[in-house]
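Coordinates in review
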Amino acid sequence: MKLFLFVGSIFAALSILFGAFGAHFLKEKLSSDQLVVFEIATRYMMYHSFGLLIFGLLGYILTEEIVSVPGIMMIVGVFIFSGSLYLVSLGGFKKFGMITPIGGVVLIASWLIFAYNIYKFS
């Protein structure tokens with residue numbers, strides 16, 4: 001649970017840093033389409049940083065069995081989803097956009113598995 005609190009905090013800090021970087025520095029450097037993609041990556045990283053913080057806190061109340069798999073999936077999903085979008089927007093690696101939906105599916109699955117675990121184990 002400490003891992004989810006740690007990673008969630010790091011993701012939140014990075015989201016703020018990237019958001020400020022995008023708003024102040026990249027605004028002049030990226031096209032409007034690239035900036036939109038960058039902002040989506042940042043927004044979803046922040047959303048899921050809160051998810052990880054929630055999982056981390058709930059891990060002290062609920063069994064580890066309920067939160068461990070969804071939490072790991074959420075970390076992986078953020079790396080794939082937001083990471084691929086950062087590569088597309090900043091590096092112009094458009095082919096990485098093909099794996100973005102995989103990250104999205106992993107993020108959705110993390111929430112659904114969490115819901116299932118809550119139903120099944122509590």
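See above for the structure.
Each chain has its residues counted from 1, running along the sequence as written. Local features in this predicted model are restricted to residues whose pLDDT is 70 or higher, and side-chain atom pairs enter the listing and the counts only when it is 80 or higher, whereas totals over whole chains, interfaces and linings include all residues. With hydrogens and water excluded, all non-hydrogen atoms of the structure serve as input to the side-chain values.

1. Quick look at the overall build of the chain
Helices and strands together make up the secondary structure of the chain, namely four helices and zero strands. For helices the rule is a DSSP run of H or I covering at least 4 residues; for strands it is a run of E covering at least 2, with both sets numbered from the N terminus onward. Counting from the amino terminus, helix and strand elements in the chain follow one another as α-α-α-α. C-alpha extents for the chain along the principal axes are approximately 50 × 25 × 15 Å. Burial classification: accessible surface area is computed with a 1.4 Å probe over protein chains only, and a residue below 20% of its type maximum counts as buried, one above 50% as exposed, and the rest as partly exposed. For the chain, the residues scored as buried account for 39% of the 122 residues in total. By sequence separation, contacts in the chain at least 24 residues apart represent 75% of the contacts at least 6 residues apart. Accessible areas in this description were obtained via Shrake-Rupley with a 1.4 Å probe; residue shielding takes into account the shown protein chains only. Carbon and sulfur atoms make up 74% of the accessible area of the chain, which totals about 7100 Å². Neither His nor the chain ends contribute to the count of charged residues, in which Lys and Arg are positive and Asp and Glu negative. Charged side chains are reduced to one point each, which is NZ for Lys, CZ for Arg, CG for Asp and CD for Glu. In the chain, 7 side chains carry a positive charge and 5 a negative one; their mean positions are 5 Å apart. Whether two residues are in contact is decided by their heavy atoms, any of which lying within 4.5 Å being enough.

2. Considerations on the packing of helix H1 (residues 2-24) against helix H3 (residues 64-91)
Every axis corresponds to a line fitted to the C-alpha atoms, with the helix fit spanning only the stretch in contact, and the corresponding angles, defined between N-to-C directions, vary from 0 to 180 degrees. Running from N to C, H1 and H3 point in directions that differ by 20°, and their axes come no closer than 11 Å. With respect to H3, the axis of H1 lies roughly parallel. In this structure, the crossing between H1 and H3 has a hand that is left-handed. Residues Leu3, Phe4, Val7, Phe11 and Phe18 of H1 lie in contact with H3, whose contacting residues are Val67, Ser68, Gly71, Ile72, Ile75, Val78, Phe79 and Tyr86. Oblique is the label for any angle not under 35 degrees, not over 145, and not in the 65 to 115 range, which are roughly parallel, roughly antiparallel and roughly perpendicular in turn. Here a crossing is taken to be left-handed if its near helix is turned anticlockwise relative to the far helix by less than a right angle, and right-handed if that turn runs clockwise.

3. What about helix H4 (residues 100-121)?
Between the first and last residue of a helix there are one fewer steps than residues, each counted as 1.5 Å, and that sum is the expected span. In this model, H4 (22 residues) spans 31 Å end to end at C-alpha, consistent with the 32 Å of a helix rising 1.5 Å per residue. Listing the buried residues of H4 in full gives Thr100, Gly103, Gly104, Val106, Leu107, Ser110, Phe114 and Asn117. All buried residues of H4 lie within an arc of 165° about the axis, which places them on one face of the element. Residues of H4 that are exposed and point more than 90 degrees away from the buried face comprise Pro101, Val105, Ile108, Leu112 and Tyr119. The arc refers to the directions leading from the helix axis to the C-beta atoms.

4. Some points on H3
Across its 28 residues, H3 extends 38 Å between first and last C-alpha, which sits within 8% of the 40 Å expected from 1.5 Å per residue. Phi turns positive one or two residues past the end of H3, at glycine 92, with a value near 70°.

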